[in-house]
Amino acid sequence: MSAVSFVFPLLCYSLCFSHIHLQITNKSKESTWALMKSVSDAFSGWLLMLLIGLMAGALAGGIDISAHWLTDLKGGVCLNGFWFNHEHCCWNSNETTFVERDKCPQWKSWAELIIGTAEGSFAYIVNYVMYVCWALLFAFLAVSLVRAFAPYACGSGIPEIKTILSGFIIRGYLGKWTLVIKTITLVLAVSSGLSLGKEGPLIHVACCCGNILCHVFTKYRKNEAKRREVLSAAAAVGVSVAFGAPIGGVLFSLEEVSYYFPLKTLWRSFFAALVAAFTLRSINPFGNSRLVLFYVEFHSPWHLLELVPFILLGIFGGLWGAAFIRANIAWCRRRKTTRLGHYPVLEVLVVTAVTAVLAFPNEYTRMSTSELISELFNDCTLLDSSKLCDYINVNITKSSNELADRPASTNVYMAMWQLALALVFKMLITVVTFGMKVPSGLFIPSMAVGAIAGRLLGVAMEQLAYYHHDWVIFRGWCSPGADCITPGLYAMVGAAACLGGVTRMTVSLVVIMFELTGGLEYIVPLMAAAMTSKWVADAIGREGIYEAHIRLNGYPFLEAKEEFSHKTLAMDVMRPRRSDPPLSVLTQDSMTVEDVETLITETSYSGFPVVVSHESQRLVGFALRRDLTISIENARRRQDGIVSTSRVFFTEYTPPQAPSSPAPLKLRSVMDLSPFTVTDHTPMEIVVDIFRKLGLRQCLVTHNGRLLGIITKKDILKHMAQMANRDPDSILFN
């Protein structure tokens, strides 16, 4: 055997083995890389939720601390450091008395600093003027910053977020400038004393955080559907940091905000809300180891007969909610259609001046709305020096710090009159405040109205039980000297009723209120009040405040809670109609750059179907207007030979071109190869359900693959108006 005959097979075997080893090594690397990529892809969603929770929790803590400080700044300043609020300033004081726990030498009112005394009518006037001046300054800064840098930072943001989650794009609404300006102006607006809250805008702030952080991850930056899932979780984070209610936040996003809420989003929303609540708890903005200012605990159980006044509070909440929505929408429509809307700064300053001038004389309107709710929710104990707890003939039980029902003193009756005036003031001023060009939430003002009404009814029931404990309704469960009625519980139930009447929330509202109080046994009163308020409000008007503002602003929004029961087909709604011009389309290989640019210039559509040819109308795909414009601009600037006469191809392969013809432009990469389509005989009930579940903006109508027309969300809304015997042309879209 020759050496060659021996070496050659060995060499072939060696080469073959080396090739196999190289393939195995490459596959091993590919599998390792694929494993790492899949792990990174799965972990990126949880990492994004972690970052959103941390960022939103930190911002909420900063907003709470800053708003508390600026609110107290209207009344005075701390000598130990101007950055301390009233409570922090007096924490370490050894000269604070039990009765006057808010007074300490370190805290000086503006009258003490300016004229040297806190007593007398002149001191009162000085404090009054300084209160109004600070309020006007804060309001002016807020509206000026919003108008100059981020017009989208005004309002609560919930109507727009609901619209965005339904598939509509509002560019810049969740951008970085909106986040910065909304965070700053929210502090200023709340501190000005206007009848608004920070809880609704915090949902907008959290969604801005989610949208900005989505751009860090390619998976979410390039996928609109996944980004909407992130925004649903961010909305839950907003409620979590606003109320200290992580579970309520998840349910709020599910019930009130989101169109599409898969199980994966539920888990991630829960995790993000947990991280946000933990972050806010670590910051401890209120110094009481709680997530909210008005956390309370009730110790006395409720009786079955108390369901009657609880249901009465639900009826009041429904009536006030429906009346408020109608009045506020009428005022906002007047603002839009008259010269009032041309002077947003002047409107904010006038409303702020009226609010401050009328609020200062009444201590219950002078304090911040969160502090007012905390005062009204409070269950009177031996440690309370509030006028609401200044009863006479106090009988102290030996077992605990609880106090039995007792007759009201003059101070209690005076407090009741002040609360009655505060109720009327809050009901009227909130109508004109919500919707101005400053960040404004509605949760806290609505809760304040209900809490005042509930406290008034609770004290009335308490006095009735004390003086008439032998009546049939009290006999057997309310004996003399017992703690039967808890006015703070009535305030909490009233707050839930009014908030439910305005927003039409039910499940999430009860859970949020339950997390605020930490008492399982009060769920039934809350459920009774929430359902009653929703039924009463729905009997007067079907829309909640956010749906009403969506319709007022002209956003294309399909309400997920309404049913479509008409027997119409897709061909009855699609465009073009018989009298309309033909549908504007792109062909896959017979148009030039100039033709495409002309089509874009002469129309205002957001996208165009791509067909094989004008004769066949066989559907190929769908191209968005924005993608076409950007691609043509980039090609003219970066690609040699692209001119107006260049052919545009949406096909996978480009046919050979003549040597003298200009370079072709390939746009297949910007075309959606699988646009959502339905047949012309698809029932509209199914089409509407598809639009709601998937958040579609448009849907193409075909017959055996041939393009017949297009249905947009605006077409569906006009069709629904026509089916309801309303003028479809009366629906305006912005």
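Quick caveat: nothing in here was measured; it's all calculated off a predicted structure. (Residues numbered from 1 in each chain as written. Predicted model: local features only at pLDDT ≥ 70, side-chain atom pairs only at ≥ 80, totals over all residues. Heavy atoms only, no water.)

**Re the packing of helix α10 (residues 246-257) against helix α11 (residues 263-283)**
- At a minimum axis distance of 9 Å, the contact between α10 and α11 shows a crossing angle of 140 degrees. When the axes of α10 and α11 are compared, the pair comes out oblique. Considering how the two elements wind past one another, α10 and α11 form a crossing that is right-handed. Residues P246, I247 and V250 of α10 pack against L266, S269, F270, A273, L274 and A277 of α11. (Axes fitted to C-alpha atoms, helices over the stretch in contact; angles between N-to-C directions. Helix = DSSP H or I, 4+ residues; strand = E, 2+ residues; numbered from the N terminus. Parallel < 35°, antiparallel > 145°, perpendicular 65-115°, else oblique. Left-handed = near helix turned anticlockwise from the far one by under 90°. Contact = heavy atoms within 4.5 Å.)

**Examining the nonpolar core**
- By size, the foremost hydrophobic cluster in this structure holds 166 residues, and its most contacted members are F377, M447 and M513.
- The leading source of residues in this core is helix α18 (residues 487-503), at 11 residues.
- If we skip the residues at most four places from it in the chain, M513 touches F377, M447, M492, A495, A496 and L526.
- Of all hydrophobic cores here, the second largest spans 20 residues; its members include L586, M591, V620 and A635. (Core = buried A, V, L, I, M, F, W, Y, C linked by side-chain atoms within 4.5 Å. Buried < 20%, exposed > 50% of the residue type's maximum accessible area, 1.4 Å probe, protein only.)

**A word on the state of the cysteines**
- A full pass over the atoms with the stated rule returns 2 disulfides.
- The disulfide bridge from C78 ends at C89, spanning 2.1 Å between sulfur atoms. Taking the sign of the torsion about the S-S bond as the criterion, the disulfide between C78 and C89, at about 80 degrees, is right-handed. In this pair, C78 is assigned in strand β1 (residues 76-78) and C89 in helix α2 (residues 86-89), connecting sequence segments 11 residues apart.
- Take C78: its relative accessible area is 4%, and that puts it in the buried class.
- The partner cysteine of C90 in its disulfide is C104, sulfur to sulfur 2.0 Å. One disulfide, between C90 and C104, carries an S-S torsion of -70 degrees and so falls in the left-handed class. (Disulfide = S-S within 2.5 Å.)

**Re the confidence of the model for the protein chain**
- On average, residues of the protein chain score 85 in pLDDT, and 88% of them are at 70 or above.
- The weakest mean pLDDT in the protein chain belongs to helix α1 (residues 3-73) at 69; the strongest belongs to helix α6 (residues 176-191) at 95.
- Here residues 1-22 is modelled with pLDDT under 50, and outside its nearest four sequence neighbours on either side it reaches 2 contacts, counting other chains as well.
- Contacts of residues 397-401 to residues separated by more than four positions or lying in other chains number 4 contacts, the stretch itself having pLDDT below 50. (pLDDT = per-residue confidence, 0-100.)

**A short note on the pairing of strand β11 (residues 698-703)**
- β11 sits mainly inside the fold: 5 of its 6 residues count as buried.
- Handedness of the crossover joining strand β10 (residues 677-679) and β11 through helix α24 (residues 684-694) is recorded here as right-handed.
- Bridge analysis of β11 against strand β12 (residues 706-712) gives 6 bridges, and the strand direction is antiparallel. From the neighbouring strand, L700 faces β12, where its bridge partner is I710. (Right-handed = clockwise from strand over helix to strand, strands pointing away. Pairing = 2+ DSSP bridges.)

**Here's the deal with the sheet that holds strand β7 (residues 647-649)**
- The sheet built from 3 strands is open, its strands ordered β4-β7-β8 with mixed pairing. The sheet terminates laterally at β4 (591-592) and β8 (665-666), the two strands that pair on one side only.

**Considering unusual backbone geometry**
- Here the amide bond leading from R575 into P576 is cis, since omega sits at 5 degrees, within 30 degrees of zero.
- Structurally, the position occupied by P576 is in the loop between α21 (545-553) and β3 (586-587).
- Its identity is not glycine, yet N284 carries a phi of approximately 55 degrees, on the positive side.
- A relative accessible area of 23% means that N284 is categorised as partly exposed.
- For N704, which is not glycine, the phi dihedral falls at a positive 55 degrees.
- Relative to the assigned elements, N704 resides in the loop between β11 and β12.

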